[in-house]
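What follows is each chain in one-letter form.
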Amino acid sequence: RDHSYEPRPGDIIFFDWEPDGYPDHVGIVEKCEGGLVYTIEGNVNDDCTRGRYYVGNTCIFGYGLPAYQNPESPALGSPVIICRRLLNPVLLYYG
């Protein structure tokens, strides 16, 4: 919840839409520039989509920092493809 943190590509972003102190949505940071964080998110109108938020937006609960092999350049490939790979098994299971 430290709004001074500048997210990096590959960070996991957690959202608290209900402002109840618990995260209820998650995405992947694509980039951060000009005071905006750009994300790739699933489960948005039953699709994988891009979003953008001001870095200090109060709906941002916090960030997860995965231990990538090379933190300077995480091997994410296309974030949209990664998002779909992660979500397809879930969507297939839950329909």
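Structure's up top.
We now turn to the structure provided with this report. (Residues numbered from 1 in each chain as written. Predicted model: local features only at pLDDT ≥ 70, side-chain atom pairs only at ≥ 80, totals over all residues. Heavy atoms only, no water.)

Considering the pairing of strand β1 (residues 12-15)
For the record, the criterion: Only protein chains enter the accessibility calculation, which uses a 1.4 Å probe. A residue is then buried if its area is under 20% of the maximum for its type, exposed if over 50%, and partly exposed in between. Secondary structure elements are defined from DSSP: runs of H or I of at least 4 residues count as helices, runs of E of at least 2 residues count as strands, and each element is numbered from the N terminus. Two strands are said to pair when DSSP picks up at least two bridges between them.
Only one face of β1 is covered, namely the one carrying I13 and F15; the face carrying I12 and F14 has none of its residues buried. Pairing geometry for β1 and strand β2 (residues 25-33), over four bridges, is antiparallel. Counted as the bridge partner of F15 is H25 from β2. For β1 and strand β5 (residues 60-64), the ladder comprises four bridges, and the chain directions are antiparallel. Residue pairing across strands places I12 opposite G64, the latter belonging to β5.

Considerations on the sheet that holds β1
Formally: Geometry is summarised by axes, namely lines fitted to C-alpha atoms with helices restricted to the contacting stretch, and by angles between N-to-C directions that run from 0 to 180 degrees.
Taken in spatial order, the five strands make up an open sheet running β4-β3-β2-β1-β5, and their pairing is antiparallel. Two strands in the sheet have a free side with no partner beyond their single neighbour: β4 (47-54) and β5. Geometrically, the sheet is characterised by an average inter-axis angle of 35° between neighbouring strands, direction not taken into account. Pairing geometry for β2 and strand β3 (residues 36-44), over six bridges, is antiparallel. From the neighbouring strand, I28 faces β3, where its bridge partner is I40.

Examining the packing of aromatic side chains
Quick reminder of the rule: Planes of paired rings set the category: under 30 degrees apart is stacked, over 60 is edge-to-face and the rest tilted, where pairs are Phe, Tyr or Trp rings (Trp by its six-membered ring) whose centres lie within 6.5 Å.
The tally for this structure, following the rule as stated, stands at four aromatic pairs. Relative to W17, the ring of F15 has its centre 4.8 Å away and its plane inclined at 5°; by these criteria the two rings are stacked. Residue class for W17 comes out partly exposed when judged on its relative accessible area of 41%. Between F15 and Y53, the ring centres sit 4.8 Å apart and the planes meet at 50°, which makes this aromatic pair tilted.

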